[in-house]
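# Architecture and fold: a report
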Amino acid sequence: ILPTVAIVGRPNVGKSTLVNRIIGRREAVVEDVPGVTRDRVSYEALWNGRTFMVQDTGGWEQDAKGMHRSIAQQAEIAMGTADLIVLVCDGTVGITAADETVARSLRRADTPVILAVNKVDSDKAELDAAEFWGLGLDQPYAISAAHGRGTADLLDEILRQL
Ligand code: GDP
Ligand code: MG
């Protein structure tokens with residue numbers, strides 16, 4: 001049985017784009033409309049000769065209250081079922097209340113957590129990622145899932161901790 005990496009985070013931060021980048025295919029549904037990915041979908045991934053499962057999550061509710069509830073639920077499920085969790089945030093937006101809510105519960109998890117700050121498409125944007133140290137989840141990995149920037153380093157770290 002293969003180890004599982006769960007990708008969690010708010011709607012529209014680029015979880016499905018990151019999953020597609022990791023699996024090297026265009027299978028996870030990427031949408032400009034948040035909350036399109038239904039429940040959890042797992043795909044097989046290969047990096048540096050190691051095979052693992054990557055689990056996309058979504059289907060979160062749109063209103064703030066519902067979103068906070070479902071983000072917490074997704075994190076709870078991931079903590080119970082995944083071997084490693086990648087929390088994805090949006091570097092163009094900065095830390096949101098929902099990010100803080102999920103980070104708080106992930107800090108208490110036994111499961112290892114890696115923080116990815118997505119949509120860091122340029123060197124200039126890299127500076128914005130530093131504020132995510134504030135989530136208390138150790139080093140933020142600045143990435144651009146859309147362009148592949150920083151994703152090799154993130155994958156190396158995933159396999160190091162898996
Ligand atoms: P999800 O709801 O978290 O699964 O997010 P999606 O993967 O569906 O992406 C939401 C939106 O963000 C889409 O319009 C993507 O094209 C865009 N997006 C994803 N990754 C990046 C990135 O690295 N840079 C930029 N600029 N946009 C991105
Ligand atoms: Mg999605």
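Conventions used here
- Residues numbered from 1 in each chain as written.
- Chains lettered and ligands numbered in written order.
- Predicted model: local features only at pLDDT ≥ 70, side-chain atom pairs only at ≥ 80, totals over all residues.
- Heavy atoms only, no water.
- Helix = DSSP H or I, 4+ residues; strand = E, 2+ residues; numbered from the N terminus.
- Buried < 20%, exposed > 50% of the residue type's maximum accessible area, 1.4 Å probe, protein only.
- Lys, Arg positive; Asp, Glu negative; His and termini not counted.
- Salt bridge = Lys/Arg side-chain N within 4 Å of Asp/Glu carboxyl O.
- Pairing = 2+ DSSP bridges.
- Axes fitted to C-alpha atoms, helices over the stretch in contact; angles between N-to-C directions.
- Contact = heavy atoms within 4.5 Å.
- Arc of directions from axis to C-beta.

If you check an unreviewed UniProt entry, the protein chain appears there as GTPase Der from Dietzia lutea.

Within the element layout of this structure, Lys15 appears in helix α1 (residues 15-23). An unpaired buried charge is present at Lys15: no salt bridge exists, and Asp56, the closest side chain of opposite charge, is 5.9 Å distant.

Examined bridge by bridge, strand β2 (residues 40-47) and strand β3 (residues 50-57) share eight bridges and lie antiparallel to one another. Bridging across to β3, Arg40 finds its partner in Thr57.

A few words now on the sheet that holds strand β4 (residues 84-90). In a beta sheet, neighbouring strands are held together by backbone hydrogen bonds and run either parallel or antiparallel to one another. A sheet is described by the order of its strands in space; here six strands give the open sequence β2-β3-β1-β4-β5-β6, paired in mixed fashion. Two strands bound the open sheet, and with one partner strand each, they are β2 and β6 (140-142). With strand direction ignored, the average angle separating the axes of adjacent strands in the sheet is 30°. Set on the sheet, helix α3 (residues 97-107) makes contact with β1 (4-9), β4 and β5 (113-118); between it and β4 the angle comes to about 160°. This element, helix α5 (residues 151-161), spans β1, β2, β3, β4, β5 and β6 of the sheet and lies at about 170° to β5.

It is worth spelling out α1 at this point. A large share of α1 lies buried, amounting to seven of its nine residues. Three or more residues of α1 are buried, namely Lys15, Ser16, Leu18, Val19, Asn20, Ile22 and Ile23. In this structure, the buried side of α1 is in contact with β1, β2, β3, β4 and α5. Just past α1, the residue Gly24 takes up positive phi, approximately 70°.

The subject of this paragraph is α3. Along an α-helix, residues three or four apart share an orientation, since each turn contains 3.6 residues. Where α3 is concerned, the buried positions are Ala98, Asp99, Val102, Ala103, Ser105 and Leu106. Buried residues of α3, seen end-on, are gathered within an arc of 165° and therefore sit on one face of the element.

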